[in-house]
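Chain by chain, the residues run as shown.
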Amino acid sequence: MTSKKGQSTIIGFILVTVIAIVIVSLSLFWALPLLEKTRDQQEVQQLELKFLELHDAIKKTASEQGSMSIGFDMSKGILTLDNVNNTIKYNGQFNLANPIPRKAVFGNVSLSQVQSFNITAPGILGQDEPAVLIEQASVQLFLHYRPLIDSSNKCYGIKLIPGGQPGTGVGKHTIILTWKGENSTTSADCSAGLTNQLVEFDVR
C-alpha cells in the first residue's frame, strides 16, 4: 500500500514537471520572436541616433576645419561611403514587426522628394541641414550631403572623400573625420558657383 502511494507521488511529481516544462517551452516559443523584434527595434533606434551623431561630427569637422573621431559599433550590416553620390550608406537586416516605409529622418525635404528619392536638390543656407537622412525597409540608411544655396545663387557644401578604409562590417569601429581643404566648382543648381569643404571619411 505504501509502495503504491509512493509510486503515485513520484508519477504526480513527474507529470507536474512535464506540464511545467511544456508551458515554459510554449511561452518561450511565442515570446522569443517578440523579444527579438523588440531588441532589433531598439538597435535600429540606436543606429538612427548614431547617424545623427555622425552628421553632427561631420558638420563640426567641416566648420572648424579640424579632425574628429567617433565610435561606431555594429552588430549587423555594412557601412560604406559612396563618394560619387556623396552619401554614407548603411545596409542591415533586422527582424522588425513591419518594414519601415521610406522616410526622411531629417533634412526638410518634401514627401514626394523622399518617395522618388530625389534628395540632391540644394537646401536653403541658414535654414536647412547640409544633409538628408533617409531610412527604409529593414533597415537601410542613406546620409546624403547636398549643397546649401544663398540668395545670390552661390552654394556651399560638404564633400566626403574616402580615407584608407571608407567602409566596414560588423564589429566595434572608430570613424576618423579629417578636414582636407576646400574647393570651388560649378553646378547646374548653383549659377554663382559651389564651394565645398572636403572631409575625409576613414573607418578603423
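Everything numeric here is computed off the predicted structure, so don't read it as measured data.

1. Things to note about the overall build of the chain
Line of reasoning, step 1. In terms of regular secondary structure, the chain is built from two helices and twelve strands.
Line of reasoning, step 2. Reading the chain from its N terminus to its C terminus gives the helix and strand order α-β-β-β-β-α-β-β-β-β-β-β-β-β.
Line of reasoning, step 3. The 204 residues of the chain split such that 37% are buried.
Line of reasoning, step 4. Considering only contacts within the chain whose residues lie at least 6 apart along the sequence, 69% involve residues at least 24 apart.

2. Focus: the packing of aromatic side chains
Line of reasoning, step 1. Scanning the model with the defined rule gives two aromatic pairs in all.
Line of reasoning, step 2. An angle of 85° between the planes, with centres 5.1 Å apart, marks the rings of Phe 117 and Phe 142 as edge-to-face. One end of the pair, Phe 117, is in the loop between helix H2 (111-115) and strand S5 (123-124); the other, Phe 142, is in strand S7 (residues 140-145), and 25 residues separate them in sequence.
Line of reasoning, step 3. Residue classification places Phe 117 among the partly exposed positions, given a relative accessible area of 30%.
Line of reasoning, step 4. The ring of Tyr 156 has Lys 154 sitting right over it, with the charged end atom 5.4 Å from the ring centre.

3. Points about the side chain of His 173
Line of reasoning, step 1. As for its placement among the helices and strands, His 173 is situated in strand S11 (residues 171-187).
Line of reasoning, step 2. His 173 sits in the buried class, given a relative accessible area of 13%.
Line of reasoning, step 3. At a separation of 3.1 Å, a polar atom in the side chain of His 173 contacts the side chain of Thr 168.
Line of reasoning, step 4. Within the structure, His 173 has its side chain in polar contact with the backbone oxygen of Gly 169 (distance 2.7 Å).
Line of reasoning, step 5. Excluding residues within four positions of it along the chain, His 173 makes contact with Ile 70, Gly 71, Phe 72, Asp 73, Thr 168, Val 203 and Arg 204.

4. Points about the sheet that holds strand S1 (residues 67-74)
Line of reasoning, step 1. Taken together, six strands build an open sheet; the order of strands is S1-S11-S12-S9-S8-S5 and the sheet is mixed. This sheet does not close on itself; its edge strands, each paired only once, are S1 and S5.

5. What to know about the pattern of salt bridges
Opposite charge on two side chains permits pairing when their charged atoms draw close.
Line of reasoning, step 1. Per the stated rule, a full pass over the model turns up eight salt bridges.
Line of reasoning, step 2. Salt bridges linked by common partners bring Arg 39, Asp 40 and Lys 76 together as one network.

6. A short note on the state of the cysteines
Line of reasoning, step 1. Applying the stated rule across the entire model yields one disulfide.
Line of reasoning, step 2. A sulfur-sulfur separation of 1.9 Å characterises the disulfide bridge that pairs Cys 155 with Cys 190. Across the S-S bond of Cys 155 and Cys 190 the torsion is about -85°, and the bridge reads as left-handed. Of this pair, Cys 155 sits in strand S9 (residues 155-162) while Cys 190 sits in strand S12 (residues 190-203), and the two are 35 residues apart along the sequence.
Line of reasoning, step 3. Judged by its relative accessible area of 2%, Cys 190 is buried.

7. Let's talk about the pairing of S9
Line of reasoning, step 1. Examined bridge by bridge, strand S8 (residues 148-149) and S9 share two bridges and lie antiparallel to one another. The partner of Leu 148 across the bridge, within S9, is Tyr 156.
Line of reasoning, step 2. The turn joining S8 and S9, which pair antiparallel and follow one another in sequence, is formed by five residues; a positive phi near 65° is taken by Asn 153.
Line of reasoning, step 3. Judged from the eight bridges that link them, S9 and S12 form a sheet pairing that is parallel.

8. A word on a nonpolar patch on the surface
Line of reasoning, step 1. A cluster of nonpolar side chains, contributed by Leu 49, Leu 52 and Val 105, occupies part of the molecular surface with about 230 Å² of accessible area.
Line of reasoning, step 2. As for its placement among the helices and strands, Leu 52 is situated in helix H1 (residues 2-64).

9. Let's talk about the sheet that holds strand S10 (residues 167-168)
Line of reasoning, step 1. Strand order in the open sheet formed by six strands is S4-S6-S7-S3-S2-S10, and the pairing between neighbours is antiparallel. Both edges of this open sheet fall to strand S4 (100-106) and S10, since each of them pairs with a single strand only.
Line of reasoning, step 2. Sheet topology places S4 next to strand S6 (residues 131-137); four bridges connect them, and they run antiparallel. Residue pairing across strands places Ala 104 opposite Ile 134, the latter belonging to S6.

What counts, and at which threshold
- Residues numbered from 1 in each chain as written.
- Predicted model: local features only at pLDDT ≥ 70, side-chain atom pairs only at ≥ 80, totals over all residues.
- Heavy atoms only, no water.
- Helix = DSSP H or I, 4+ residues; strand = E, 2+ residues; numbered from the N terminus.
- Buried < 20%, exposed > 50% of the residue type's maximum accessible area, 1.4 Å probe, protein only.
- Contact = heavy atoms within 4.5 Å.
- Phe/Tyr/Trp six-rings, centres within 6.5 Å; stacked < 30°, edge-to-face > 60°.
- Lys NZ or Arg CZ within 6 Å of the ring centre and 35° of its normal.
- Polar contact = N/O pair within 3.5 Å; in protein donor to acceptor, adjacent residues only side chain to side chain.
- Pairing = 2+ DSSP bridges.
- Salt bridge = Lys/Arg side-chain N within 4 Å of Asp/Glu carboxyl O.
- Disulfide = S-S within 2.5 Å.
- Patch = residues over 30% accessible without salt bridge, like charges linked within 9 Å, V, L, I, M, F, W, Y side chains within 5 Å.
- Areas by Shrake-Rupley, 256 points an atom, 1.4 Å probe, with all protein chains shown as cover.

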